[in-house]
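# Report on the structure
Below, each chain spelled out in residue letters.
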Amino acid sequence: MSGSKDDMRNDGVRRLEKKAADAFEASVRGLDAETRSRLNRGRQRALAELGIGTRFRPWLQWVPAAGVAAVVALAIFTWSGRPPADTAPAVADFEILLNTDDLEMLEELEFYSWIELDEGEGANGNVG
Amino acid sequence: MSACTEGFAVSCTGELESGVGALRREQELNRFFADVEARALRIAEIAVRNREDALDLVQDAMIRLVRNYADRDREEWTPLFYRILQNRVRDFQRRQNVRNRVIAWFGRSSDPEDDYDPIAAAPDPDGRTPDESLESQEAMQELERALAALPARQREAFMLRNFEGLDVAQTAAAMGISDGSVKTHYSRAVHSLRDTLGEHWS
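What comes next concerns the included structure. None of the values given here were measured: they were computed from a predicted structure.

### Quick look at the overall build of chain B
Secondary structure summary: chain B contains nine helices and zero strands in total. Looking at chain B as a whole, 43% of its 202 residues are labelled buried. On chain B, roughly 11,000 Å² of surface is accessible, and the fraction owed to carbon and sulfur atoms is 49%.

In structure tokens form, the structure reads like this:
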């Protein structure tokens, strides 16, 4: 007896579920063209987000690699104990330029550059 | 001369593969949205009772899915998308409640029934006879009124299970609750709807 009641209730639930689902599907099928067009435009706007950050800025994918390379180069430079030989003049130049006693030299930088060039050529001439 | 020669061949192949992969993903997402968007709109519209707001909420949910979960497996998109949408709907309803309280405080009517026109919100007919169309529209309007009277969680569980066809686990993921809670909410929703809609619905 109670089994029969349960069956009837279950049948009623199933009918309600089916009728609700059918009414809902009919309302979805009945959506007007303008609404469907607006949904389509919204979808395209959402899909456009997919390209941002990769398609339109492809160089960004190299930023992490460049950062790692820069850190590695700095680490090698720092931990080697002394700078490479060819960087020594550059460091010396900075020391000179930052020395307040030699500020006058800044005003005649072009002259001292000429002297250095002239001496270099003379030395090459002696060797040759 | 092609850029993809000799030493560059490996990296170019990788780029091509990633490009093809991105295109395939975009096509999959496009198909997914095209499949789900109309039902999602109607579900959001039933919840917020306004088509314009529902369109905004669905588009927002699409954008958030693309931004945050485009790289997930296709099977995960449906519960994720509905979880985002349900969260957006709840946020919207909270703001609406605050707005209605403020409006009521200033002495204006804030009854949402005033703004809701079921005839205007009803869908257009689609190849059915006028009688069939009218009957279907009336049934849907009746159902929407009954759904509007349900607690939010029961309404969500019913719409996700019955309208979108999600299983219990997917519905639980979409609602952020346990499987058991989904079953409870759904069962209560069905019985409330039976009581509200009467004999001819069941």
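### Some words on the overall build of chain A
Within chain A, the regular secondary structure consists of six helices and zero strands. Secondary structure elements in chain A, listed N-terminal to C-terminal, are α-α-α-α-α-α. Taking all 128 residues of chain A together, 18% fall into the buried category. Accessible surface computed for chain A: about 9,900 Å², of which carbon and sulfur atoms make up 61%.

### Description of the packing of aromatic side chains
Residues and elements named next belong to chain B. Per the counting criterion, the structure on display carries eight aromatic pairs over all chains. For the ring pair F32 and F81, a centre distance of 6.0 Å and an interplane angle of 90° mean the geometry is edge-to-face. Taken together, the positions of F32 in helix α1 (residues 9-48) and F81 in helix α3 (residues 74-105) put the pair 49 residues apart, joining distant regions of the chain. Ring geometry for F81 and Y82: centres 5.5 Å apart, planes at 75°, overall edge-to-face. For the pair formed by F81 and Y82, the shared burial category is buried.

### Quick notes on the interface of chain A and chain B
In this complex, chain A contributes 33 residues to the contact, which on the side of chain B involves 44 residues. Summed over both sides, the interface between chain A and chain B buries roughly 3,500 Å², with carbon and sulfur atoms accounting for 64% of that surface. If you sort the residues of chain A by the area they bury against chain B, L16, F24 and R43 of chain A come out on top, with a joint share of 19%. Summed over the shared surface of chain A and chain B, the result is four salt bridges.

### Some thoughts on the nonpolar core
Proteins that are soluble and globular tend to have nonpolar side chains buried together. Residues and elements named next belong to chain B. Counting 61 residues, the largest nonpolar core has F33, F81, Y82, F158 and F163 as its most contacted members. For this core, the element with the highest residue contribution is α1, accounting for 12 residues. Dropping the residues within four chain positions of it, F81 is found in contact with F32, F33, V36, A40, V58, A61, M62 and L65.

### Focus: helix α7 (residues 152-163) of chain B
All names here are of chain B. Taking 1.5 Å of rise per residue, the 12 residues of α7 would be expected to cover 16 Å, and the 15 Å separating its terminal C-alpha atoms lies within 8% of that figure. Of all 12 residues in α7, nine are buried; the element is thus mostly enclosed. Taken together, the buried positions of α7 are occupied by Q154, R155, E156, A157, F158, M159, L160, N162 and F163. G165 occupies a position one or two residues after α7 and carries a positive phi of about 75°.

### Some words on unusual backbone geometry
Phi at R49 of chain B takes a positive value of approximately 60°, unusual for a residue other than glycine. Inspection of the secondary structure assignment puts R49 of chain B in the loop between α1 and α2 (51-69).

### Some thoughts on the pattern of salt bridges
Side-chain pairs of opposite charge can arise where the charged atoms are in close proximity. The tally for this structure, following the rule as stated, stands at 19 salt bridges over all chains. Across the pair E45 of chain B and R51 of chain B runs a salt bridge, and its minimum N-O distance is 3.3 Å. Across the pair, exposure class does not vary: E45 of chain B and R51 of chain B are buried alike. One salt bridge in this structure joins R90 of chain B and E156 of chain B, with 2.7 Å as the shortest N-O distance. On the criterion of sequence distance, the pair formed by R90 of chain B in helix α3 and E156 of chain B in helix α7 is long-range, its members being 66 residues apart. Each of the two residues, R90 of chain B as well as E156 of chain B, counts as buried. Three or more residues joined by partner-sharing salt bridges are found here, namely D32 of chain A together with R42, E45, R51 and E144 of chain B.

### Some remarks on the environment of L85 of chain B
Note on placement: L85 of chain B falls in helix α3. Separated by 45 residues in sequence, L85 of chain B and A40 of chain B place their C-alpha atoms 8.2 Å apart.

The rules behind these values
- Residues numbered from 1 in each chain as written.
- Chains lettered and ligands numbered in written order.
- Predicted model: local features only at pLDDT ≥ 70, side-chain atom pairs only at ≥ 80, totals over all residues.
- Heavy atoms only, no water.
- Helix = DSSP H or I, 4+ residues; strand = E, 2+ residues; numbered from the N terminus.
- Buried < 20%, exposed > 50% of the residue type's maximum accessible area, 1.4 Å probe, protein only.
- Areas by Shrake-Rupley, 256 points an atom, 1.4 Å probe, with all protein chains shown as cover.
- Phe/Tyr/Trp six-rings, centres within 6.5 Å; stacked < 30°, edge-to-face > 60°.
- Contact = heavy atoms within 4.5 Å.
- Buried area = accessible area lost by both parts, 1.4 Å probe.
- Salt bridge = Lys/Arg side-chain N within 4 Å of Asp/Glu carboxyl O.
- Core = buried A, V, L, I, M, F, W, Y, C linked by side-chain atoms within 4.5 Å.
- Expected span 1.5 Å × (residues − 1).

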